[in-house]
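Working through the structure, step by step
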Amino acid sequence: MTTELALWQAMVEARAFDQAMCRHNGHWHEARGEEAVFVGAYADLGPDDVVAPHFRGTCAVALQRGTSPETLAAGVFGTRGSDSGGHWRGDICPTPGPRSIGMFSGSLGTSVSYATGAALHLARTSPGAVAVCSFGDGTANSGIVAESLNLAAMLALPIVYVCQDNQYATSLPSAVALAGERVSDRARALGIVATDIDGNDVLAVREAVGQAVARSRAGAGPSFVHALTYRMGGHYMNDPETYRTPEEVAAWAERDPIARLQQLLVGHGVLDPAEAEAHSAATHARLEAIVAEAKERDDEEITPTVSAFAEDVRPELRSAS
Amino acid sequence: MTRMTMSEAIVAAVADEMAADPSVYLIGQDIGVFGGPMQSAKGLWEAFGAQGRVIDAPISEAAMVGTAVGAAMAGSRPIVDLMFAEFLALTMTPLALEGASVAFRTRGQVTVPLVVRAKCGVGPHRGHAESCVGMLMSFPGLKVAMPTTPQDAYSLMRSAIRDANPVVVLEHMSLLHGARAEVDPELVIPLGAAAVRRDGTDLTVVASGLMVQRALRAAAELAKEGVEAEVVDLRSVAPLDVGLARASAERTGALIVVEESWPGSGPAAALCAGLLDTPLGRTGFPVRLLQPPATPVPFAASLETAFVPSVADIAHAARTLRSTMRGTVTA
């Protein structure tokens with residue numbers, strides 16, 4: 001299991017990458033404040049498990065699972081060094097693979113069905129492996145999410161759904177848009193075990209998702225974790241944020257997930273305050289340099305691919321028939 | 001060699017692939033003990049249901065296809081029995097906009113080997129006739145097959161299941177339970193290859209689905225008048241075999257494209273665009289299109305009959321084109 005110190009380091013690195021992107025990329029979607037959800041939910045998974053993070057946090061999950069920040073940054077800028085060689089958006093689909101799901105358009109909700117299908121594949125081929133899939137409070141209202149949850153419950157699939165509720169779908173508050181008392185009640189109505197947790201407490205997220213993962217590994221089917229957090233930045237860079245007050249944002253700054261864990265670790269004597277500040281500053285400086293350097297690579301030539309068929313992209317995939 | 005209907009041939013192809021490859025599974029509505037709509041999965045539940053490889057699904061078309069895309073990316077080879085082609089519209093984001101883009105977007109690191117089966121066209125049902133063919137053809141990376149014979153149905157279904165791309169197999173409801181014919185399970189037919197169904201010298205008729213059968217009947221009528229029409233069955237509409245259609249029309253000197261699909265976008269429009277893709281931007285032979293009007297498929301039996309090109313319509317179009325050409329020559 002990931003140590004508490006490693007969770008803190010992962011959150012610091014996630015924020016450092018995120019904040020460097022805020023400085024260098026006008027198209028970035030800031031994830032500050034939500035780190036506890038995506039770091040905690042994906043911390044203890046193995047290489048055979050499938051991850052399908054929400055777009056806000058997906059680069060952090062890739063970092064956590066070993067992708068280099070250089071590759072991730074190239075993906076966000078769409079340059080040659082990216083995982084897709086500049087063929088697709090690395091901010092929402094950084095490291096697609098058989099065990100890693102990203103977004104393949106700007107449409108929200110479909111990746112929840114992909115993760116559910118991956119769980120079906122795991123159930124058929126790799127007993128004990130699980131899929132973890134997160135999505136925002138906005139995506140929770142998408143029809144395909146309801147269809148997918150029903151299928152997962154019906155087929156008792158090994159998947160953990162994490163609603164990363166940052167309280168805003170762009171501008172629409174989840175308090176308005178999520179009808180009913182709790183979004184988790186939608187899962188309960190399907191017979192899916194559901195919990196509601198403090199999404200700014202990384203230890204609570206890890207504990208809740210960990211229990212759900214253990215249930216799925218044991219063959220007990222899907223679970224649902226509703227993690228309440230807060231989007232500290234706008235939906236996008238230069239979001240005028242006319243839909244909320246500075247006081248509301250300031251109140252949530254008090255509950256910053258990184259500061260909270262840092263305080264706890266300092267209290268337990270695991271972390272020295274000065275060392276913590278030094279590590280944090282060094283991490284931010286390191287990622288600032290990587291992102292700034294990646295931004296300068298946009299003049300490298302990329303060979304275009306002129307067919308969308310798999311066998312044209314990779315000739316060895318030509319059908320054996 | 002066994003004699004089969006198209007429907008039986010498709011089920012046999014699915015069964016043979018499921019027996020050969022454990023990564024293949026089938027999901028769809030009413031494909032359990034019910035045996036599939038119009039017997040589309042007859043016997044598969046009995047053969048593979050206990051292995052969890054025949055999944056009787058709720059009415060969740062988007063999630064059926066979405067989960068199949070996800071399972072395919074993870075390593076399975078899913079087949080979705082979507083019942084009717086009109087339901088395809090409910091699935092386009094996971095199937096076409098996204099699923100068909102994955103190989104390109106990942107440079108082949110991830111692929112979506114997925115088959116979607118859908119019954120299409122006018123047929124014994126009152127309703128469900130919308131085939132949405134043009135919609136499917138609008139997305140790069142998606143293949144679309146449309147068999148018209150038991151042999152093609154068997155071989156194209158096997159090719160579709162083995163393909164690395166998402167493939168939609170459109171099963172025409174007026175052909176599915178037609179005459180039985182010999183099926184050779186060893187015969188391989190690649191996706192994207194058209195076939196000449198009838199040799200002719202005087203003009204070429206290119207068609208797909210039910211229109212192939214009607215074109216052949218029209219050709220028989222025309223033969224009585226001394227006009228020999230060559231009939232080309234597209235078999236796949238994506239990729240489209242423009243080369244074979246062009247070669248035939250260049251040989252006969254005239255082309256009629258007959259479609260049951262809507263005008264605007266679809267096989268006829270795509271074929272014309274392909275034919276015009278020459279150094280001088282012209283074909284060298286006249287081209288006529290015979291298609292339904294740009295309206296939804298009407299309900300009244302008489303209106304539905306009038307909506308789809310008939311044998312008489314095709315024969316008439318051939319005569320008109322021939323007389324126009326003679327007029328042009330003498331003018």
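The rules behind the values
- Residues numbered from 1 in each chain as written.
- Chains lettered and ligands numbered in written order.
- Predicted model: local features only at pLDDT ≥ 70, side-chain atom pairs only at ≥ 80, totals over all residues.
- Helix = DSSP H or I, 4+ residues; strand = E, 2+ residues; numbered from the N terminus.
- Rg over C-alpha atoms; globule rule 2.2 N^0.38 Å.
- Buried ≥ 20, exposed ≤ 12 C-beta atoms within 10 Å, placed from the backbone.
- Contact = placed C-beta atoms within 7 Å.
- Nonpolar A, V, L, I, M, F, W, Y, C, P; charged D, E, K, R; others polar.
- Axes fitted to C-alpha atoms, helices over the stretch in contact; angles between N-to-C directions.
- Parallel < 35°, antiparallel > 145°, perpendicular 65-115°, else oblique.
- Left-handed = near helix turned anticlockwise from the far one by under 90°.
- Pairing = 2+ DSSP bridges.
- Domains from an automatic or database assignment.

1. Structural notes on the overall build of chain A
Within chain A one finds 13 helices and seven strands. For chain A, the C-alpha radius of gyration of 20 Å lies close to 20 Å, the compact-globule estimate for 321 residues. Counting over 321 residues, chain A shows a buried share of 51%.

2. Section: the interface of chain A and chain B
Listed per partner, the contact involves 41 residues of chain A and 40 residues of chain B. Sorting the residues of the side of chain A that touches chain B by element identifies helix H5 (110-125), helix H6 (143-154) and helix H13 (310-313) of chain A as the ones contributing at least two each. Class assignment of the residues belonging to the side of chain A that touches chain B gives a composition of 19 nonpolar, 18 polar and four charged.

3. Considerations on the environment of Pro98 of chain A
Residue placement: Pro98 of chain A occurs in the loop between helix H4 (69-77) and H5. Take Pro98 of chain A: there are 15 C-beta atoms within 10 Å of it, and that puts it in the partly exposed class. For Pro98 of chain A and Asp48 of chain A, which are 50 residues apart along the polypeptide, the C-alpha to C-alpha distance reads 9.4 Å. The contact partners of Pro98 of chain A, leaving out residues within four places of it in the chain, are Met73, Ala74, Gly75 and Val110 of chain B.

4. Quick notes on the packing of H5 of chain A against helix H3 (residues 61-74) of chain B
Interhelical geometry of H5 of chain A versus H3 of chain B gives an angle of 60° and a closest axis separation of 6 Å. Comparing their axes, H3 of chain B and H5 of chain A come out oblique. H3 of chain B is crossed by H5 of chain A, and the crossing has right-handed handedness. Each of Thr110, Ser113, Tyr114, Ala115, Thr116, Gly117, Ala118, Leu120 and His121 of chain A in H5 of chain A lies in contact with H3 of chain B, whose residues at this interface are Ala62, Ala63, Gly66, Thr67, Ala68, Val69, Gly70, Ala71, Met73 and Ala74 of chain B. Broken down by class, the residue content of the contact of H5 of chain A with H3 of chain B amounts to eleven nonpolar, eight polar and no charged.

5. Quick word on the sheet that holds strand E1 (residues 50-52) of chain A
The strands that make up a sheet pair up through hydrogen bonds in the backbone, lying either parallel or antiparallel. Residues and elements named next belong to chain A. Pairing in this open sheet of five strands is parallel, and the strands run E1-E2-E3-E7-E6 from one edge to the other. The open sheet has two edge strands with one neighbour each: E1 and strand E6 (193-198). With strand direction ignored, the average angle separating the axes of adjacent strands in the sheet is 15°. Here helix H9 (residues 202-217) sits on the sheet in contact with strand E2 (131-136), strand E3 (159-165), E6 and strand E7 (223-228), set at roughly 170° to E7.

6. Quick word on the pairing of E7 of chain A
All names here are of chain A. Among the six residues that make up E7, six are buried, leaving the element largely enclosed by the rest of the structure. When E3 meets E7, the two strands line up parallel, connected through six bridges. If you follow Gln164 over to E7, its bridge partner there is Ala227. Sheet analysis places E6 next to E7, joined by six bridges and oriented parallel. Looking across to E7, one finds that Asp196 is bridged to His226.

7. A few points about the packing of helix H2 (residues 35-42) of chain A against H9 of chain A
In helix packing, the relevant descriptors are the interaxial angle and the interaxial distance, both defined with respect to the helix axes. All names here are of chain A. Here H2 crosses H9 at 40°, and the two axes come no closer than 8 Å. Crossing geometry of H2 relative to H9 is assigned as right-handed. On the side of H2, the interface is formed by Ala36, Val37, Val39, Gly40 and Ala41, while H9 contributes Val202, Val205, Arg206 and Val209. Among the residues making up the contact of H2 with H9, the classes are represented as seven nonpolar, one polar and one charged.

8. Concerning the sheet that holds strand E7 (residues 167-172) of chain B
All names here are of chain B. Read from one edge of the open sheet, seven strands run E3-E2-E4-E5-E7-E6-E12, paired in mixed fashion. Here the strands that pair on one side only, and so sit at the sheet edges, are strand E3 (54-56) and strand E12 (236-238). If you compare each strand with its neighbour and ignore which way they point, the axes differ by 20° on average. Summarising the sheet, strand E2 (residues 24-28) and strand E4 (residues 77-84) pair through five bridges and their orientation is parallel. Directly across from Gly28, in E4, lies its bridge partner Asp81. Docked against the sheet, H3 engages E2, E4 and strand E5 (115-120), running at close to 165° with respect to E4. Packing against the sheet, helix H7 (residues 150-162) makes contact with E2, E4, E5, strand E6 (143-145) and E7, and its axis sits at approximately 160° to E7.

9. Some words on the environment of Glu34 of chain A
Residues and elements named next belong to chain A. Relative to the assigned elements, Glu34 resides in the loop between helix H1 (4-24) and H2. With 30 C-beta atoms packed within 10 Å, Glu34 lands in the buried category. For the pair Glu34 and Met232, spaced 198 residues apart in sequence, the C-alpha to C-alpha distance is 8.0 Å. For Glu34, the residues in contact, after removing those within four places along its chain, are Arg56, Gly57, Gln164, Asn166, Thr229 and Arg231.

10. Let's talk about the domain arrangement of chain B
Many descriptions give the size of an interface as the accessible area lost when the pieces come together. All names here are of chain B. By domain assignment, chain B separates into domain 1 (2-183) and domain 2 (195-330). Taken over C-alpha atoms, the centre of domain 1 sits 27 Å from the centre of domain 2. Across the contact, 22 residues belong to domain 1 and 23 residues belong to domain 2. Those elements giving two or more residues to the side of domain 1 that touches domain 2 turn out to be helix H6 (133-137), E6 and H7. Looking at the side of domain 1 that touches domain 2 element by element, the count peaks at four residues for H6. Residues belonging to the side of domain 1 that touches domain 2 are distributed by class as follows: twelve nonpolar, seven polar and three charged.

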